[in-house]
Amino acid sequence: MPNDPLGEIVVIGAGGHAKVVIECLRHAGWNVIGCTDADPTPRSCAGVPVIGTDDALGRLRSEGVANAFCALGANRLRERVGGKLQDLGFALPSYQGPGAIVSSTVRIGAGVAIMPGAVINIDTVIGDFAIINTNANVDHDGVLGRAVHVGPGAALAGEVVVGDRSFIATGCAVIPQRRIGADTIVGAGSVVVRDLPSGVIAFGNPARVQREL
Ligand code: JB2
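Nothing here was measured: the structure is a model prediction, and the numbers come from that model.

Participant: Can you walk me through the overall build of the protein in this structure?
Facilitator: Looking only at helices and strands, one finds three helices and 24 strands in the protein. Over its C-alpha atoms, taken along the principal directions, the protein stretches across nearly 50 × 35 × 25 Å. Taking all 213 residues of the protein together, 47% fall into the buried category. By sequence separation, contacts in the protein at least 24 residues apart represent 25% of the contacts at least 6 residues apart. Counting only carbon and sulfur atoms, one obtains 53% of the accessible surface of the protein, whose full area is about 9,200 Å². The averaged location of the 19 negative side-chain charges in the protein is 5 Å from the averaged location of its 17 positive side-chain charges.

So this is what it looks like as structure tokens:
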């Protein structure tokens, strides 16, 4: 019985996020053949070789590597590079890390990283290229846009809506039914009790807009 029953996959990025992603992909049953990085210096990342820059991706696709995972932590960059992977014809699977609990009713887009211990409850929708990081919680009926990042240990109560590319940092808490706009950053440990607009950085308890981005 092979221990990589899902087949071959290439990972984009060789930084901290990629290390965790590679370990989770292996755990899920993927054969991670290597990763690409803006810095092509030969080295390994979580035990797999850095193959070169993203210029290598077209060749890998033509050689039969069918799957790719964009493991870049920066939301806008991840969305853009993820789109390039789609254009190159890669399939973009999502995965659940060890110990994650995800309701079977959750609609999960392409290239979504659900990290170890994350919990996602009934009827939530998760957009393409989102990260639900370690031990984060998204309760029922949440709507998360494309390339959203819910940081480690953050907790979103029921019916919370988060716009595209927003980052809810480590340990935030968001009360039910709040709406957070697109391209917004909510600083670590903040408590969101009022809606937040797009394109701002907000933090504190209660979270207040500090400035526009
Ligand atoms: O366009 C690119 C590109 N731009 C930067 N293509 C590819 N293939 N790689 C790119 N990079 C590479 O991403 C950089 O050369 C660098 O090796 C890597 C970013 O690594 P870093 O460790 O700085 O960040 P990260 O994105 O892996 O992780 C961040 O986000 C995670 C969600 C960190 O803040 C982590 O702590 C966090 N958990």
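Now that the structure is up, let's keep going.
Participant: Help me understand helix H1 (residues 16-28) in this model?
Facilitator: Each α-helix turn comprises 3.6 residues. Residues three or four places apart therefore point the same way. A rise of 1.5 Å per residue sets the reference length of H1, with its 13 residues, at 18 Å; its end C-alpha atoms lie 19 Å apart and thus fit the reference within 8%. Every buried residue belonging to H1 is among His17, Ala18, Val21, Ile22, Cys24 and Leu25, and all of these are buried. A positive backbone phi angle near 110° is found at Gly29, which sits one or two residues after H1.

Participant: Which parts of the structure should I look at to understand the sheet that holds strand S4 (residues 48-52)?
Facilitator: What links the strands of a sheet is backbone hydrogen bonding, and the strands pair in either a parallel or an antiparallel sense. With mixed pairing, the five strands of this open sheet are ordered in space as S3-S4-S2-S1-S5. With partners counted over all chains shown, the strands left at the sheet margins are strand S3 (44-45) and strand S5 (67-70), one partner each. Pairing geometry for strand S1 (residues 7-12) and S5, over four bridges, is parallel. Paired with Ile9 across the strands is Asn67, a residue of S5. Sitting on the sheet, H1 is in contact with S1, strand S2 (30-36), S3, S4 and S5, with an inclination near 160° to S2. Against the sheet, helix H3 (residues 75-87) makes contact with S1 and S5, and its axis sits at roughly 170° relative to S5, the strand it touches most.

Conventions we followed
- Residues numbered from 1 in each chain as written.
- Predicted model: local features only at pLDDT ≥ 70, side-chain atom pairs only at ≥ 80, totals over all residues.
- Heavy atoms only, no water.
- Helix = DSSP H or I, 4+ residues; strand = E, 2+ residues; numbered from the N terminus.
- Buried < 20%, exposed > 50% of the residue type's maximum accessible area, 1.4 Å probe, protein only.
- Contact = heavy atoms within 4.5 Å.
- Areas by Shrake-Rupley, 256 points an atom, 1.4 Å probe, with all protein chains shown as cover.
- Lys, Arg positive; Asp, Glu negative; His and termini not counted.
- Charge placed at Lys NZ, Arg CZ, Asp CG, Glu CD.
- Expected span 1.5 Å × (residues − 1).
- Pairing = 2+ DSSP bridges.
- Axes fitted to C-alpha atoms, helices over the stretch in contact; angles between N-to-C directions.

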